[in-house]
Amino acid sequence: MSAELWRRSASALAAAVRDGAATAEAAVESGWEGPAAVWESTVHAVVHADRGARAAGALAAGETGGRGALQGVPVIVKDNLCTLDYPTTCGSKILAGYHPPYDATVIRRLRAAGAVVTAKGNMDEFAMGSSTEFSAFGPTRNPYDPSRVPGGSSGGPAAAVAYGLAPLGLGSDTGGSVRQPAAFCGVYGLKPTYGRLSRYGLVAFGSSLDQVGIFARHAGDVALAYGVLAGNDRFDATTRPDPAPDVSGWDDGVAGLRFGWPENLWGAGVEAEVVDGLEAAAGWLERAGARRVPLQFLPGEYSVATYYLVATAEASSNLARFDGVRYGFRAATTPDLRALYTRTRSEGFGPEVQRRILLGTYALSAGYYDAYYLTAQRARARIRDEYRNAFRSCDCLLMPASPTLPFRLGEKTDDPLAMYLSDIFTIGANLAGIPGLSVPVGLSRDRLPRAVQLVGPEDGEPVLLRAARAIETRGARAPQEPEFAWPTKG
Amino acid sequence: MTIRREDVERIAELARLEIPEGRIERVAAELSAVLDFVGALSRLELGTEAPPRFAPAGAPLRADEPNGRRLSNHDALAMAPEAEEGFFIVPPIVENLEP
């Protein structure tokens with residue numbers, strides 16, 4: 001039985017462990033004995049794993065009372081979330097070997113609910129990238145086609161949830177880093193409303209944009225994990241003090257729901273199969289009782305432009321702490337403190353991180369601050385207003401998660417701008433602080449995952465989950481098991 | 001907007017990064033391309049008012065007191081590249097003025 005536990009939803013797995021039908025250890029090891037034994041060497045989703053830590057986690061889960069919402073459920077978490085029992089290295093040489101002295105709040109909440117951290121997942125260095133190719137550990141590959149990327153920056157957790165290592169994953173989403181890899185790997189990916197999930201223990205990239213996000217193979221599991229994780233945290237002053245929205249009605253249907261249809265956005269640069277996926281999802285929502293509201297929306301290029309000033313400015317400040325003094329990598333033999341800083345950072349950060357630090361430093365520097373940073377802040381307000389206006393006539397927006405299907409490794413690594421445009425449909429939600437959910441809609445003709453994105457107003461998670469569930473049940477293949485060449489099927 | 005070689009050198013110094021001589025022109029070209037793209041924002045007619053703050057509504061202030069979580073000296077130093085007798089060790093930061 002243990003060999004098949006990995007196929008179950010988080011909700012079913014937790015129920016089995018609570019009822020004594022399975023042990024937490026069996027639930028956790030099933031993903032390693034089954035799919036990971038076959039796929040991990042090809043996909044390379046995991047950067048830190050430790051059987052002893054898993055066993056200890058499963059044991060500790062049993063001591064929480066044994067009745068948790070995620071009892072015995074393995075979760076793969078991105079390598080930028082602090083964990084006491086695994087290194088936390090952000091896919092970077094500069095944090096090589098770093099063991100945090102505390103658990104991130106979201107990790108504490110997972111453990112309190114009975115979940116077990118099964119591995120740390122690969123990522124673009126410091127979450128800067130859209131393909132998981134910019135990792136000091138080497139790239140992760142897409143389980144549906146290993147010549148293609150899994151998306152990024154949370155490509156490791158997305159790919160691992162897709163191939164079956166764990167039914168749940170955590171990532172971080174600063175400009176689409178949960179939703180775009182979810183789309184590329186055929187799983188659900190939620191970027192919650194800013195301030196709903198604690199960022200305490202999430203290594204900061206762009207603090208006004210960062211949110212911890214959730215990967216799952218079922219819409220209901222996203223709701224389950226959101227219920228466990230969302231809420232005020234006294235260690236993160238940007239978490240909201242009022243109660244998080246109740247998502248327990250995720251299966252209540254979409255009768256009367258109005259979804260915005262900003263058709264002007266999918267012109268040039270959006271692949272035909274992505275548009276086909278949107279039409280299919282819209283049709284399923286309509287047949288389930290929802291109504292399509294056509295509207296015009298500000299082109300995504302403005303969001304990308306705004307983002308690459310705001311996010312890089314914040315990153316240049318946040319990443320100033322990596323200096324080789326208190327933790328992580330230190331360059332060898334430096335004559336003075338200034339050389340220690342400069343050489344440590346130059347040797348420790350990869351090329352994309354350095355590019356963004358330079359861009360952010362420029363945007364904040366004397367003489368350019370008004371022209372770039374202040375302009376970007378004004379543009380950000382304009383973009384937020386654009387969403388607010390749209391939500392006067394609809395309950396959520398239906399749009400692409402990514403303009404393309406998964407692209408090939410190496411295709412965009414030498415063209416930063418092309419890589420940045422991969423996030424053209426996801427970045428707006430981060431700038432506006434609103435939730436977005438990537439929803440699988442089956443496979444393309446070439447058997448690559450297709451997806452759509454639902455974007456909602458602040459605290460619109462219940463609406464997004466109901467719509468995602470409607471798509472899941474009405475027509476889309478629910479990705480209950482990977483459709484790639486799973487070997488036990490012969 | 002064109003980023004020149006001297007701009008790259010100046011911001012690299014501010015950011016405490018060292019760009020190898022052979023890469024400076026390339027970095028300048030990459031940053032220029034991104035800034036050209038960012039120039040699209042000038043079409044938005046954004047006005048000149050002070051931009052709003054993006055702090056979440058109702059974000060609370062707390063008393064300026066320790067919150068109860070402490071990191072021991074031992075734990076704080078545990079991950080240091082170099083530490084000695086309860087302190088972080090770094091290269092000399094003042095010149096030795098002794099004759």
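Cut-offs applied
- Residues numbered from 1 in each chain as written.
- Chains lettered and ligands numbered in written order.
- Predicted model: local features only at pLDDT ≥ 70, side-chain atom pairs only at ≥ 80, totals over all residues.
- Heavy atoms only, no water.
- Helix = DSSP H or I, 4+ residues; strand = E, 2+ residues; numbered from the N terminus.
- Buried < 20%, exposed > 50% of the residue type's maximum accessible area, 1.4 Å probe, protein only.
- Contact = heavy atoms within 4.5 Å.
- Areas by Shrake-Rupley, 256 points an atom, 1.4 Å probe, with all protein chains shown as cover.
- pLDDT = per-residue confidence, 0-100.
- Salt bridge = Lys/Arg side-chain N within 4 Å of Asp/Glu carboxyl O.
- Polar contact = N/O pair within 3.5 Å; in protein donor to acceptor, adjacent residues only side chain to side chain.
- Pairing = 2+ DSSP bridges.
- Right-handed = clockwise from strand over helix to strand, strands pointing away.
- Domains from an automatic or database assignment.
- Buried area = accessible area lost by both parts, 1.4 Å probe.
- Axes fitted to C-alpha atoms, helices over the stretch in contact; angles between N-to-C directions.
- Disulfide = S-S within 2.5 Å.

S.K.: What exactly am I supposed to notice about the overall build of chain B here?
M.R.: Secondary structure summary: chain B contains three helices and two strands in total. From first element to last, N terminus to C terminus, chain B shows the α and β order α-α-α-β-β. The buried share among the 99 residues of chain B stands at 27%. Put simply, of all contacts in chain B between residues at least 6 apart along the chain, 30% involve residues at least 24 apart. Surface exposure of chain B reaches about 7,400 Å², of which carbon and sulfur atoms provide 53%.

S.K.: Would you mind showing me how to read helix α5 (residues 155–163) of chain A here?
M.R.: Residues and elements named next belong to chain A. Among the nine residues of α5, nine are classified as buried, and the element is accordingly described as predominantly covered. Along α5, the residues that are buried comprise Gly155, Gly156, Pro157, Ala158, Ala159, Ala160, Val161, Ala162 and Tyr163. Considering only its buried residues, α5 is in contact with α2 (24–43), β2 (74–78), β3 (116–121), β4 (168–173), α6 (179–185) and β6 (211–216).

S.K.: Where do I start with the confidence of the model for chain A in this structure?
M.R.: Low pLDDT marks stretches whose predicted atomic positions should not be read closely. For chain A, the average pLDDT comes to 94, and 96% of its residues sit at 70 or higher. In the predicted structure, residues 485–490 of chain A sits below a pLDDT of 50 and forms eleven contacts with residues beyond four places in sequence or in another chain.

S.K.: Sorry, what's going on with the interface of chain B and chain A here?
M.R.: Many structure descriptions define interface size as the accessible area lost when the parts assemble. The partner chain A presents 63 residues to the 51 residues of chain B that form the contact. Across the chain B-chain A interface, the total number found is three salt bridges. Salt-bridge contacts for B:Glu82 lead to A:Arg330; the nearest nitrogen and oxygen are separated by 3.2 Å. The tally of links between chain B and chain A comes to ten residue pairs in polar contact (both at pLDDT 80 or more). Among the elements that make up the side of chain B that touches chain A, the one with the highest residue count is helix α2 (residues 24–38) of chain B (nine residues).

S.K.: I would appreciate a short explanation of helix α4 (residues 105–112) of chain A in the present structure.
M.R.: In an α-helix there are 3.6 residues to a turn, and that puts residues three or four apart on one side. Within the sequence span of α4(A), burial applies to A:Thr105, A:Val106, A:Ile107 and A:Leu110. The inward-facing, buried residues of α4(A) abut β2, β3, β4, β6 and α7 (219–229) of chain A.

S.K.: Help me understand the pairing of strand β8 (residues 291–294) of chain A, please; the structure alone is not making it clear to me.
M.R.: The side chains of a regular strand alternate, residue by residue, between the two faces of the sheet. Residues and elements named next belong to chain A. Where strand β7 (residues 258–261) meets β8, four bridges bridge the pair, whose relative direction is parallel. Of the residues in β8, the one forming a bridge with Phe259 is Arg292. In the classification by handedness, the crossover that spans β7, the intervening helix α8 (residues 272–287) and the parallel β8 is right-handed.

S.K.: Explanation requested: the domain arrangement of chain A in the structure shown.
M.R.: All names here are of chain A. Domains assigned within chain A are domain 1 (2–264 + 275–296 + 398–472) and domain 2 (300–388). The interface is formed by 35 residues belonging to domain 1 together with 34 residues belonging to domain 2. A combined buried area of about 3,000 Å² lies between domain 1 and domain 2, and 68% of that area is made up of carbon and sulfur atoms. For the domain 1 face of the interface with domain 2, the top three residues by lost area are Ile94, Tyr420 and Leu431, together amounting to 25%.

S.K.: Even after reading the chapter, I still don't get the sheet that holds β4(A), so can you show me in this structure?
M.R.: The strands making up a sheet associate through backbone hydrogen bonding, with each pair oriented either parallel or antiparallel. All names here are of chain A. With respect to topology, eleven strands assemble into an open sheet ordered β1-β3-β2-β4-β6-β5-β10-β11-β9-β7-β8, the strand pairing being mixed. Across the chains shown, the open sheet's two edge strands, defined by having one partner strand only, are β1 (46–48) and β8. On average, each strand axis in the sheet is inclined to that of its neighbour by 30°, with strand direction left out of account. Note: strand β5 (residues 188–191) against β6, three bridges, orientation antiparallel. In the sheet register, Leu190 faces β6, and the bridge partner there is Ile214. Where α7 meets the sheet, its contacts fall on β4, β5 and β6, and the angle it forms with β6 comes to roughly 145°.

S.K.: It is not clear to me how the state of the cysteines should be interpreted in this structure. Could you clarify?
M.R.: Cysteine pairs can be covalently joined through their sulfur atoms, and such a bond is termed a disulfide. Residue and element names in this part refer to chain A. Scanning the entire structure with this criterion turns up zero disulfides over all chains. With no disulfide of its own, Cys82 lies 7.6 Å from the sulfur of Cys90, the closest cysteine sulfur. By relative accessible area, which is 5% here, Cys82 ends up buried.

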